[in-house]
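Listed here are the chains, written in short residue letters.
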Protein chains: 2
Amino acid sequence: MDQIDVQKRIFNAAREVFTQKGFAAASMREIAEKANVNKGLLHYYKWNKRKLFLRVFEEAFATFSLRANEIFESDMPIREKIEAFVSHYMDLLMANPHLPAFVISELNRHPEEFIRRMMQQSNRPDPSNFILQVQLAGEAGQIRPVHPFHFFLHLLSMCVFPFLARPMIQGLLKIDGDTYIQLMERRKAEVISFINHSINPD
Amino acid sequence: MDQIDVQKRIFNAAREVFTQKGFAAASMREIAEKANVNKGLLHYYKWNKRKLFLRVFEEAFATFSLRANEIFESDMPIREKIEAFVSHYMDLLMANPHLPAFVISELNRHPEEFIRRMMQQSNRPDPSNFILQVQLAGEAGQIRPVHPFHFFLHLLSMCVFPFLARPMIQGLLKIDGDTYIQLMERRKAEVISFINHSINPD
DNA sequence: GTCTATAGGTAGATAGAC
DNA sequence: GTCTATCTACCTATAGAC
C-alpha cells in the first residue's frame, strides 16, 4: 500500500473519508492518517480541504452522470435503452453503494453553488437526447405517449432512490448488506417489467 | 418573536440550523444567535448538541413516516390508496422541500445507529399493511400481480427522489424554486397515471 | 520530500457573577 | 434565568528543521 504514489494515496484516502463523513465532519488529520502520510504533506502537495473535497465530489458526480449520458446518447431503440439504463446504472450503484448518498447530501448542502459550478461543465448530466426519443416514440405509437421528462424522472427515481434509503430499507426488512445487494439485483427485472407494462400502447 | 417561550425559540432555531447545515456543520453558537438567547442558556436548559439534533431528526423522520403510515393503514381500495399516497405525500414534501435531503443525509451518515434506534420506535415506517394489500389485490385479479415490496419502493421512489435531486433538476431545466413546485404539483397526476397503466390487469 | 512545532481560530461545554 | 469569562479540545494551515 505504501508503495503506491503518495499523491494517489492522499486522493484515495480523501475519497474514503469525504464520502463516508461528508465535508464538514471530515478532517485533514484523518485523511493524512489513512494515507499514511504526514499532515503537513497534504499542504506541500498544494492541497487544502476544499480543493481535495471538490476533486472527490466532482469525480463522484461525474461517475454517475457520465455513465448515464453514455447510455442516453447511445444508438438504441427506446425499450432496449430503458433496459440498458436500468441494468447498467444499477450495476454502477451496486458497485458504489454509498456514493449516491454522498452526492445527494453535499449537493443539497450548497445547492446554488452546485447549480452554478456543475451545470457549466462538459460532463454534466444531459438526458435531452433520451427525452426527445421518448417523445418521438410516443408520437410514433411505439409506446404509450407519456410526459417525457417525468418519465425520465420515474426511471431515475426507481433506480437511485433505493440506494439513498438503504439504511431504512435494511431496517424495515431486517436484512444485511449482502442480502440488500441481492434484493437490488432482483429489482432490475422488477423495474424493467413495471416500466414496460406502463408504456405498452393501449 | 422574542415573546415566544424560550424553549420553543431554541428548538425552532435548532430545527432551522440542523436541517439546513446538517449535524457536523451546525454550531451551538448559531442556534443560540438565531433563537436570540445566550449560548450558555442552551446548556442551562439541559440541551447539548447531540440531544438537540436527535430531537430535530426524530421530528423530521416522524413527519414522513407518520403520514405514510396513516395512509397505508387507512381503509381504502388499493387504487384509491395509491392515489391518496401520491397526492398527500407529495403535498407533505412540497410543504417541507428540504427535509427529505436532511433525513436521507443524516440517516446515511450513521446507518447502523439509525437502524438500531429508529426501528424500535412506535412511529417507525410500516408499509406491511399496504404490501399485503398489493399482494391480495394481485391474487384477486384487481391489479396485475406485482412484487409487492418492489412496488412499494417504486411508489415511494417516484414521490421522494425528485425532492432529493432538486438542485440537479433545477439546474438541468434552468427553473427557479416556484417553477419547481409547479412541476411537482403537475407530477402527481403523472405518477398516478404511470402506476395505473402499469398495474392494469392484462 | 518528509518531518515537528506551532500559529490562529473556533468548537462544545462549564463555572460563576448578577 | 441570563449573562460573561474561560477551559479544553480540535481544526486548518504554515514555518522551518532535517
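Structure's up top.
Calculation notes
- Residues numbered from 1 in each chain as written.
- Chains lettered and ligands numbered in written order.
- Predicted model: local features only at pLDDT ≥ 70, side-chain atom pairs only at ≥ 80, totals over all residues.
- Heavy atoms only, no water.
- Contact = heavy atoms within 4.5 Å.
- Buried area = accessible area lost by both parts, 1.4 Å probe.
- Salt bridge = Lys/Arg side-chain N within 4 Å of Asp/Glu carboxyl O.
- Polar contact = N/O pair within 3.5 Å; in protein donor to acceptor, adjacent residues only side chain to side chain.
- Axes fitted to C-alpha atoms, helices over the stretch in contact; angles between N-to-C directions.
- Helix = DSSP H or I, 4+ residues; strand = E, 2+ residues; numbered from the N terminus.
- Parallel < 35°, antiparallel > 145°, perpendicular 65-115°, else oblique.
- Nonpolar A, V, L, I, M, F, W, Y, C, P; charged D, E, K, R; others polar.

Caption draft 1: Expanded view of the interface of chain A and chain B. Taken residue by residue, the interface counts 57 residues in chain A and 57 residues in chain B. Both faces combined, the contact of chain A with chain B buries some 4700 Å², and carbon together with sulfur accounts for 73% of it. On the chain A side of the contact with chain B, Arg109, Phe161 and Phe194 of chain A bury the most area, a combined 15% of that side's loss. At the boundary of chain A and chain B, one finds 2 salt bridges. Residues Glu106 of chain A and Arg109 of chain B are paired through a salt bridge, measuring 4.0 Å at the closest nitrogen-oxygen approach. Across the chain A-chain B interface, the total number found is 14 residue pairs in polar contact (both at pLDDT 80 or more).

Caption draft 2: Broad picture of the packing of helix H11 (residues 177–199) of chain A against helix H9 (residues 148–164) of chain B. Interhelical geometry of H11 of chain A versus H9 of chain B gives an angle of 75° and a closest axis separation of 10 Å. Classified by the interaxial angle, the pair formed by H11 of chain A and H9 of chain B is roughly perpendicular. Counting all contacts with H11 of chain A, which are made through Leu183, Met184, Arg186, Arg187, Glu190, Val191 and Phe194 of chain A, the residues of H9 of chain B involved are Phe149, His150, Phe151, Leu153, His154, Ser157 and Met158 of chain B. Considered class by class, the residues forming the contact of H11 of chain A with H9 of chain B number 8 nonpolar, 3 polar and 3 charged.

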